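Chains, contacts and geometry: an overview
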Amino acid sequence: MSTESARTERPPAGSRLLVVDDEPAILDVLATSLRFLGYEVAEATTGRAALAAVREHAPDLVLLDVMLPDLDGFEVVRRLRQGGSDVAVVFLTARESGTDVVDGLDLGADDYITKPFRLAEVAARVRAVMRRGEGRNAGATLVCADLEVDTDTYEVRRAGQRVDLSPTEYRLLCHLLRNRGKVLTHAQLLEHVWDFGEGDPGVVKTYVSYLRRKLDSLGPPLIETRRGIGYTLREPDDR
């Protein structure tokens, strides 16, 4: 882990983070650096302690190690989502498997950082994820054909039927809806949905397939593939 300066703009007053890692050195460096940047930081070293800390401190974001001594990070996120918590989660992981990354995001995590990491990268990812949660287009209803997304309640319906989406699926769908009719490249989707400057286009392909599986069972396909370029969302009559 590089000690490169993580100096950056100050976060909004009262921004709360929870850092969860069972390695004391990593926990101390992360917590100290993030406090220096102006965040309120709580700490935990186990999965069960993390669940208790979310209830007690109501953090805006959790930096969560995947490998913990009791519950792993995936199980922590699973229990948070099952309990109704939509707190932002960024995984800290030594695993480099693309499958692990996709599995973690699909459970409802917002991003991941691979160890060893630079403190500047951690600060940048935290800022990016917290910006994503600031309520873009609050109060708007996004519509395409019989598909409706209420961005106040995060409710998605197609043909009058409710569609349950993971947080990442929801962000991807909203971005496609806000750019209805435009062809969005893999790079654009990685940047705006995942905040990756660059990444594996396979992650986008995987999540588009998840959305199609849930939406296409209720009506005609809405997401069109532009081979070698990316994707566009449009009404069936516009094709």
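Residues numbered from 1 in each chain as written. Predicted model: local features only at pLDDT ≥ 70, side-chain atom pairs only at ≥ 80, totals over all residues. Heavy atoms only, no water.

1. Things to note about the overall build of the chain
A tally of helices and strands in the chain yields eight helices and 12 strands. Counting across all 239 residues of the chain, residues that qualify as buried make up 45%. For the chain, contacts bridging at least 24 residues in sequence account for 60% of all contacts bridging at least 6. Total accessible area computed for the chain in this model is approximately 11700 Å², and 47% of it derives from carbon and sulfur atoms. (Helix = DSSP H or I, 4+ residues; strand = E, 2+ residues; numbered from the N terminus. Buried < 20%, exposed > 50% of the residue type's maximum accessible area, 1.4 Å probe, protein only. Contact = heavy atoms within 4.5 Å. Areas by Shrake-Rupley, 256 points an atom, 1.4 Å probe, with all protein chains shown as cover.)

2. Some remarks on helix H6 (residues 167-178)
Counted at 1.5 Å a residue, the expected span for H6 with its 12 residues is 16 Å, and the 16 Å between its end C-alpha atoms agrees. Burial within H6 is extensive, with 10 of its 12 residues counted as buried. For H6, the full list of buried residues reads Thr168, Glu169, Tyr170, Arg171, Leu172, Leu173, Cys174, His175, Leu176 and Leu177. (Expected span 1.5 Å × (residues − 1).)

3. Some points on the confidence of the model for the chain
Fine structural detail should not be taken from predicted coordinates in areas where pLDDT scores are low. Confidence in the prediction for the chain averages 84 pLDDT; 84% of positions are at 70 or higher. Within the model, the stretch residues 2-7 combines pLDDT values under 50 with 13 contacts to residues more than four positions away or in other chains. The low-confidence segment residues 135-139 (pLDDT under 50) makes eight contacts with residues lying over four places distant or belonging to another chain. (pLDDT = per-residue confidence, 0-100.)

4. With respect to unusual backbone geometry
Omega for the bond connecting Lys115 with Pro116 falls within 30 degrees of zero, at -5 degrees, which places this linkage in the cis form. Here Pro116 lies in the loop between strand E5 (111-114) and helix H5 (119-132).

5. As for helix H7 (residues 186-193)
Every buried residue of H7 is listed here: Leu189, Leu190 and Val193. Down the axis, H7 shows its buried residues gathered within 100 degrees of arc, on one side only. (Arc of directions from axis to C-beta.)

6. A short note on the sheet that holds strand E10 (residues 184-185)
Ordered by their spatial adjacency, three strands build an open sheet running E10-E12-E11, and the pairing between neighbours is antiparallel. Sheet topology places E10 and strand E11 (223-226) at the edges, where each strand pairs with a single neighbour. Both E10 and strand E12 (residues 230-233) contribute to a ladder of two bridges, which runs antiparallel. Among the inter-strand pairings, Leu184 is bridged to a residue of E12, identified as Tyr231. Where H6 meets the sheet, its contacts fall on E10, E11 and E12, and the angle it forms with E12 comes to roughly 70 degrees. (Pairing = 2+ DSSP bridges. Axes fitted to C-alpha atoms, helices over the stretch in contact; angles between N-to-C directions.)

7. Some thoughts on the packing of aromatic side chains
Counted according to the given criterion, the structure contains three aromatic pairs. Ring geometry for Phe74 versus Phe91: centroids 5.2 Å apart, planes at 90 degrees, classification edge-to-face. Remark: Phe91 occurs in strand E4 (residues 88-93) and Phe74 occurs in helix H3 (residues 73-82); sequence separation between them is 17 residues. Phe74 sits in the buried class, given a relative accessible area of 12%. Relative to Tyr170, the ring of Tyr154 has its centre 5.3 Å away and its plane inclined at 55 degrees; by these criteria the two rings are tilted. Placement of the pair is Tyr154 in the loop between strand E7 (147-150) and strand E8 (155-158) and Tyr170 in helix H6, with a sequence separation of 16 residues. The exposed category is assigned to Tyr154, whose relative accessible area is 51%. (Phe/Tyr/Trp six-rings, centres within 6.5 Å; stacked < 30°, edge-to-face > 60°.)

8. Here we look at the pattern of salt bridges
Overall, the coordinates contain 19 salt bridges when judged by the stated rule. Its salt-bridge partner being Arg78, residue Glu75 comes within 2.5 Å of it at the nearest N-O pair. Within this pair, Glu75 and its partner Arg78 are both found in helix H3, separated by three residues, close to a single helical turn. Overall, Glu75 belongs to the partly exposed group, its relative accessible area being 21%. (Salt bridge = Lys/Arg side-chain N within 4 Å of Asp/Glu carboxyl O.)

9. What about the packing of H6 against H7?
Orientation of H6 relative to H7, taken along the N-to-C sense of each, is 120 degrees, at an axis distance of 10 Å. When the axes of H6 and H7 are compared, the pair comes out oblique. Of the two possible hands of crossing, H6 and H7 adopt the one that is right-handed. Contacts from Thr168, Arg171, Leu172, His175 and Leu176 of H6 reach H7 at Leu189, His192 and Val193. Split into classes, the residues belonging to the contact of H6 with H7 amount to four nonpolar, three polar and one charged. (Parallel < 35°, antiparallel > 145°, perpendicular 65-115°, else oblique. Left-handed = near helix turned anticlockwise from the far one by under 90°. Nonpolar A, V, L, I, M, F, W, Y, C, P; charged D, E, K, R; others polar.)

10. Here we look at the sheet that holds strand E2 (residues 40-44)
Here we have five strands laid out as an open sheet, ordered E2-E1-E3-E4-E5, and parallel in their pairing. The open sheet terminates on both sides in strands that have one partner only, identified here as E2 and E5. With strand direction ignored, the average angle separating the axes of adjacent strands in the sheet is 20 degrees. Pairing analysis gives five bridges linking strand E1 (residues 16-20) to E2, with the strands arranged parallel. When the bridges of E2 are listed, Val19 appears paired with Glu43.

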